[in-house]
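# Descriptive analysis of the structure
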Amino acid sequence: ETPPSVDHIDQVTDFSGNIDGDTLDISDLLAGLGANAGNVDTFFQAVIDADNTKVDLQIDVDGAVGGETWQTFAQVTSGDGLTGQDLLDDVNANTETGL
C-alpha cells in the first residue's frame, strides 16, 4: 500500500507541550480502531522524522493483525525550537489517548 503524500498528512505547527501548552487528543481515533490500554502501542506510535525536525504520528489500522503497517497521519513541529528526541519526548508527554 502506498503511504499518503504530504498533502494528505495533517500539519501541527508551533506545538508547545510546556505547562499550559498544547495537547494532542487522539482518543476518538484510537477508540474507532478498537484500541485499549493494553494494546495502544500496536495501533499508535510517534517517531522522529528523517530530517530530525518533526515528529510523525502514525497509526496501524489493524493493530497487531497482519504485521505492522504504519501510516503517518500527522506531522508535528515545535513552537519551542525543539527537534529530534526532545520534540518526541514533548509530544509523547502531551498526547491524550483516552485509554
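Before reading further, recall that the structure is shown in the block above.
As the structure is a computational prediction, the values presented were derived from the model and not from experiment. (Residues numbered from 1 in each chain as written. Predicted model: local features only at pLDDT ≥ 70, side-chain atom pairs only at ≥ 80, totals over all residues. Heavy atoms only, no water.)

## Structural notes on the environment of Gly 63
When you line up the elements, Gly 63 lands in the loop between strand S4 (55-59) and strand S5 (71-78). For Gly 63, a relative accessible area of 2% gives the class buried. Taking the C-alpha atoms as reference points, Gly 63 and Ala 50, separated by 13 residues in sequence, lie 23 Å from one another. Non-local contacts of Gly 63, meaning those with residues more than four positions away in its chain, are made with Thr 42 and Phe 43. (Helix = DSSP H or I, 4+ residues; strand = E, 2+ residues; numbered from the N terminus. Buried < 20%, exposed > 50% of the residue type's maximum accessible area, 1.4 Å probe, protein only. Contact = heavy atoms within 4.5 Å.)

## What about the nonpolar core?
Most often, soluble globular proteins have nonpolar side chains that are buried together. Among the nonpolar cores identified, the biggest contains 16 residues, and Leu 30, Ala 46, Val 55, Leu 57, Val 76 and Val 91 are the most heavily contacted of them. When near neighbours in sequence (up to four residues on either side) are disregarded, Val 76 contacts Val 12, Phe 15, Leu 24, Thr 53, Lys 54, Val 55, Leu 57, Leu 87 and Val 91. (Core = buried A, V, L, I, M, F, W, Y, C linked by side-chain atoms within 4.5 Å.)

## Concerning helix H3 (residues 84-93)
Every buried residue of H3 is accounted for by Gly 84, Leu 87, Leu 88, Asp 90 and Val 91. Seen from one end, H3 has its buried residues packed into an arc of 160°, which puts them on one side. Taken together, the buried residues of H3 touch strand S1 (10-15), strand S2 (24-25), strand S3 (44-48), S4, S5 and strand S6 (95-96). (Arc of directions from axis to C-beta.)

## Section: the sheet that holds S3
Sheet architecture is open: four strands sit in the order S1-S5-S4-S3, paired in mixed fashion. Strands at the two margins of the open sheet, each flanked by one partner only, are S1 and S3. Going across the sheet, the axis of each strand differs from the next one's by a mean of 25°, ignoring polarity. Alignment of S3 against S4, held across five bridges, turns out to be antiparallel. In the sheet register, Gln 45 faces S4, and the bridge partner there is Gln 58. Sheet strands touched by H3: S1, S3, S4 and S5. Its angle to S3, the strand with the most contacts, is close to 155°. (Pairing = 2+ DSSP bridges. Axes fitted to C-alpha atoms, helices over the stretch in contact; angles between N-to-C directions.)

## A few points about the pairing of S4
Within S4, five of the five residues are buried, leaving the element largely enclosed by the surrounding structure. Residues of S4 alternate between two faces, with Val 55, Leu 57 and Ile 59 on one and Asp 56 and Gln 58 on the opposite face, all of them buried. The hairpin formed by S3 and S4 contains six residues between the paired strands, and Asn 52 there has a positive phi angle of roughly 65°.

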